[in-house]
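Structure assessment
Spelled out from the first residue to the last, the chains are:
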Amino acid sequence: MLHRNIVNAERRPRGNRRGRNLKHGTAIFCAVACAFVLSLAVTSCSSAPSAPDAALNSLSADRLMANIKTLSSDQFEGRGPGSNGENLTIKYMENQFRTSGLEAGNPDGTFLQNVPLVSITPQPGVKIALTAHGQTLSPAFPKDFVAWTKRVLEKSSIDADLIFVGYGVQAPEFNWDDFKGVDVRGKVIVVLINDPPMPDPKDPLKLDPNTFGGNAMTYYGRWTYKYEKAAELGAAGCFIIHDTAGAGYPWEVVENGRSGEQFTLNTPDKAMNRAAIEGWFSGDTATKLFKMGGQDLVALRKAAVNRDFHPVPLNIHAKLDLTNTLRTLDSHNVIAKITGSDPKLKDEYVIYSAHWDHFGIGPAVNGDKIYHGAKDNAAGSSALLEIARAYKQLKTPPRRTILFLSVTAEEQGLLGSQYYSEHPLYSLARTAANINMDGMDVLGRTRDIVMIGKGASTLDQIVEDVARNQGRTVKPDPEPEKGFYYRSDHFNFAKHGVPAFDPDEGVDYIGKPDGWGLQMRDKYTTEDYHKPSDVIKPYWDLSGAVEDCKLFFLVGYQVANAAQTPQWNPGSEFKAIRDASLKEAQGQGN
């Protein structure tokens, strides 16, 4: 297994001197922002926006914690879409926005955007029969496999042969086709998670940076791509082989999150363009399955890391019937706004976003059925409320309008942000940037901030300038192999061309030994991620969350006031989309 290291930032003195440095850093970036605002008074016909001091000084760890306690409490029942927990959550978010003095964000005068969903719940006793050479393998649901359908049908099934298609990727830009020479229509494909880990020809101990992003996962590695490709090619079903390193989370996350009620957007085609069955096999189950078919999974894994790989029929037949309970519902995005102060630029937007949902009530783990989601994402929702409140401390708002979007059903596949991006309440071509908060730093101050997708847009320079004035450095994702850029709501804005800032907490913690931050990340992923145990811990320290909120505030503040909006860098997969949307908007006179 290849190891990936973080380049350590230059160490600063610790202890009391650090506290003085932080105060000095705060003074510096306030002074810089004030100078920026004064320059606007000269260049703009409107009155200049207020300096950010009052807003920055208002950010409170106590309020952040109070919001998290409420949103992750038993009363809110895990904030599942379409539940009593949703009703409590959206009312809480709306009331907090109202109390802080924000305007209703929906042009219809409300704080809500309806998001039509369908709930699909398989009836108990899901079984799959896998037969080959007179043998039958019957793995247990959900201990050994999970399966579902996104088709809005009461019954969905497969009765077909299995074929192993490596990583299930067709990437012409990398001269890669895992489906060469076969027609998978009507078959069930079995695929590996992540991108093909191609060795670097110059150093076989490293990954090739010119093929599938090297260490960094591309969208080809995401489970969503695997299912999309299966549907595109007409496969009856698609099962992904789980492994913790490749997926970025243990099997329990799949077992608990994909064995009960799931949601999809309620669209006119009833999702009939999806494969009939989607699912996962645990690693152990896949090993047994391949052995029954006379194949060696380890050997086939190695063979799949090659452009010459050809699909391998497993000579195994799969039969599975799902009977589902369907429920249609309107879930909700919550949206508030602060109208910009510039007569022209107020029709351009900066969107802060965070998802309010978690998994609601699900399979019990250690006796607890409520999936509280304190870090994921009561913390991000709390930060959204606190930053919105901070903006209201400004006597004169920024030049552009600021939107605060609390989205639903992120845990179900980014559905709330997908719906907003496909049915925007405000022009995406005129949306300057998205700043998304999915989880917050709950462990104290850091010398750094992690920027997922660093290098993709000119937002880098703004983030780096703000961080530098805080006395911090900006680092790229320390775990690029986990594909975080494709796993949260900012991705739906990026897909529609909007430059997106996806921050993550730093890993270089003040007063902690080297490596402690990554160790705590691993601890959270293993013990708490998508489990009922994601609750407030006694050791939480929200001083780092406050510092990050200041950074997020100032990034949005500068974008909202700048003469030029952020742009995707050349080579970004999203640049052409943005350029086309801007050209279309200009043609329409927008």
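Below or above, wherever it landed, is the structure these notes cover. (Residues numbered from 1 in each chain as written. Predicted model: local features only at pLDDT ≥ 70, side-chain atom pairs only at ≥ 80, totals over all residues. Heavy atoms only, no water.)

This next bit is on the nonpolar core. Ranked by size, the top nonpolar core spans 67 residues in total, and within it Phe97, Tyr352, Tyr391, Phe404, Phe552 and Phe553 carry the most contacts. Residue contributions to this core peak at 11 residues, all from helix α15 (residues 543-561). Apart from the residues within four sequence positions on either side, Phe553 is in contact with Pro52, Ala55, Leu56, Tyr352, Ile387, Ala390, Tyr391 and Leu394. Core analysis: the next-biggest nonpolar cluster, separate from the first, contains 55 residues, Met198, Ile241, Leu297 and Val305 among them. (Core = buried A, V, L, I, M, F, W, Y, C linked by side-chain atoms within 4.5 Å. Buried < 20%, exposed > 50% of the residue type's maximum accessible area, 1.4 Å probe, protein only. Helix = DSSP H or I, 4+ residues; strand = E, 2+ residues; numbered from the N terminus. Contact = heavy atoms within 4.5 Å.)

With that settled, the discussion passes to helix α8 (residues 283-292). Among all positions in α8, only Thr285, Ala286, Leu289, Phe290 and Met292 are buried. Buried residues of α8 fall within an arc of 155 degrees about the axis and therefore sit on the same side. Opposite its buried face, α8 presents the exposed residues Asp284, Lys288 and Lys291, each directed more than 90 degrees away. Directly after α8, the chain includes Gly294, whose backbone phi takes a positive value near 80 degrees. (Arc of directions from axis to C-beta.)

Overall, the coordinates contain 26 salt bridges when judged by the stated rule. Of the charged contacts, one joins Arg430 and Glu348 as a salt bridge, the two residues approaching to 3.8 Å between their closest N and O atoms. In this pair, Arg430 is assigned in the loop between α11 (415-422) and β20 (431-436) and Glu348 in the loop between β15 (312-338) and β16 (349-355), connecting sequence segments 82 residues apart. In this structure Arg430 comes out as partly exposed when scored by relative accessible area, which is 22%. Its relative accessible area of 16% is what places Glu348 among the buried residues. (Salt bridge = Lys/Arg side-chain N within 4 Å of Asp/Glu carboxyl O.)

Within the fold, Lys180 resides in the loop between β8 (176-177) and β9 (188-192). No salt bridge is formed by the buried Lys180. Its closest oppositely charged neighbour is Asp178, at 5.3 Å. A polar contact of 2.9 Å, which involves the side chain of Lys180, links it to the backbone oxygen of Arg307. A polar side-chain atom of Lys180 sits 2.6 Å from the main-chain carbonyl oxygen of Phe309. With near-sequence residues (within four places) excluded, Lys180 lies in contact with Arg307, Asp308, Phe309, His310 and Pro311. (Lys, Arg positive; Asp, Glu negative; His and termini not counted. Polar contact = N/O pair within 3.5 Å; in protein donor to acceptor, adjacent residues only side chain to side chain.)

As a further point, take the packing of helix α3 (residues 61-71) against helix α4 (residues 84-99). It is at 11 Å that the axes of α3 and α4 come closest, and there the two elements cross at 155 degrees. One finds that α3 runs roughly antiparallel with respect to α4. Judged by the twist between their axes, the crossing of α3 over α4 is right-handed. Counting all contacts with α3, which are made through Ala66, Asn67, Thr70 and Leu71, the residues of α4 involved are Thr89, Tyr92, Met93 and Gln96. Here the residues of the contact of α3 with α4 are counted per class, giving 4 nonpolar, 4 polar and no charged. (Axes fitted to C-alpha atoms, helices over the stretch in contact; angles between N-to-C directions. Parallel < 35°, antiparallel > 145°, perpendicular 65-115°, else oblique. Left-handed = near helix turned anticlockwise from the far one by under 90°. Nonpolar A, V, L, I, M, F, W, Y, C, P; charged D, E, K, R; others polar.)

Examined against the element boundaries, Ala562 turns out to sit in the loop between α15 and α16 (575-587). Among the residues examined, Ala562 registers a relative accessible area of 17% and is labelled buried. As for Ala562 and Asp528, which are separated by 34 residues in sequence, their C-alpha atoms are 40 Å apart.

A few words now on helix α14 (residues 516-527). Along its 12 residues, α14 runs 16 Å from first to last C-alpha, staying within 8% of the 16 Å computed at 1.5 Å per residue. Those residues of α14 not exposed but buried are Trp516, Gly517, Met520, Arg521, Tyr524 and Thr525. Tucked inside the fold, the buried residues of α14 contact α10 (374-391), β21 (448-452) and β23 (500-504). (Expected span 1.5 Å × (residues − 1).)

Turning to the packing of α10 against α15, a few remarks are in order. One can describe the packing of α10 onto α15 by two numbers: an axis separation of 10 Å at closest approach and a directional angle of 55 degrees. Here α10 is positioned oblique relative to α15, judged by the angle of their axes. Our pair here, α10 against α15, has a crossing hand that is right-handed. Between α10, through Ala383, Ile387, Ala390 and Tyr391, and α15, the contact on the second element is made entirely by Cys549, Phe552, Phe553, Gly556 and Tyr557. When its residues are assigned to classes, the contact of α10 with α15 shows 8 nonpolar, 1 polar and no charged.

Turning next to the environment of Glu173. Here Glu173 is to be found in the loop between β7 (170-171) and β8. One polar contact links Glu173 to Tyr220, side chain to side chain, over a distance of 2.7 Å.

For the rest of this paragraph, the subject is unusual backbone geometry. Cis geometry marks the peptide bond from Phe141 to Pro142; its omega dihedral reads -5 degrees. Tracing the backbone through its elements, the reader meets Pro142 in the loop between β4 (135-137) and β5 (145-148). The residue after Asp376, namely Asn377, is reached through a cis peptide bond having omega 10 degrees. Relative to the helices and strands, Asn377 resides in helix α10. Even without glycine at this site, Glu77 takes up a positive phi of about 55 degrees. The residue Glu77 is located in the loop between α3 and α4 in this model. Overall, Glu77 belongs to the partly exposed group, its relative accessible area being 26%. At Lys270, a position not held by glycine, the phi torsion is positive, near 55 degrees. Within the secondary structure layout, Lys270 lies in the loop between β13 (262-265) and β14 (277-281). Of the residues examined, Lys270 reaches a relative accessible area of 35% and is grouped as partly exposed.

Let us look at the pairing of β23. The element β23 is extensively covered by neighbouring structure, given that 5 of its 5 residues are classed as buried. The side-chain alternation of β23 yields two buried faces, one formed by Ala500, Asp502 and Asp504 and the other by Phe501 and Pro503. Note: β21 against β23, 3 bridges, orientation antiparallel. In the sheet register, Met451 faces β23, and the bridge partner there is Pro503. (Pairing = 2+ DSSP bridges.)

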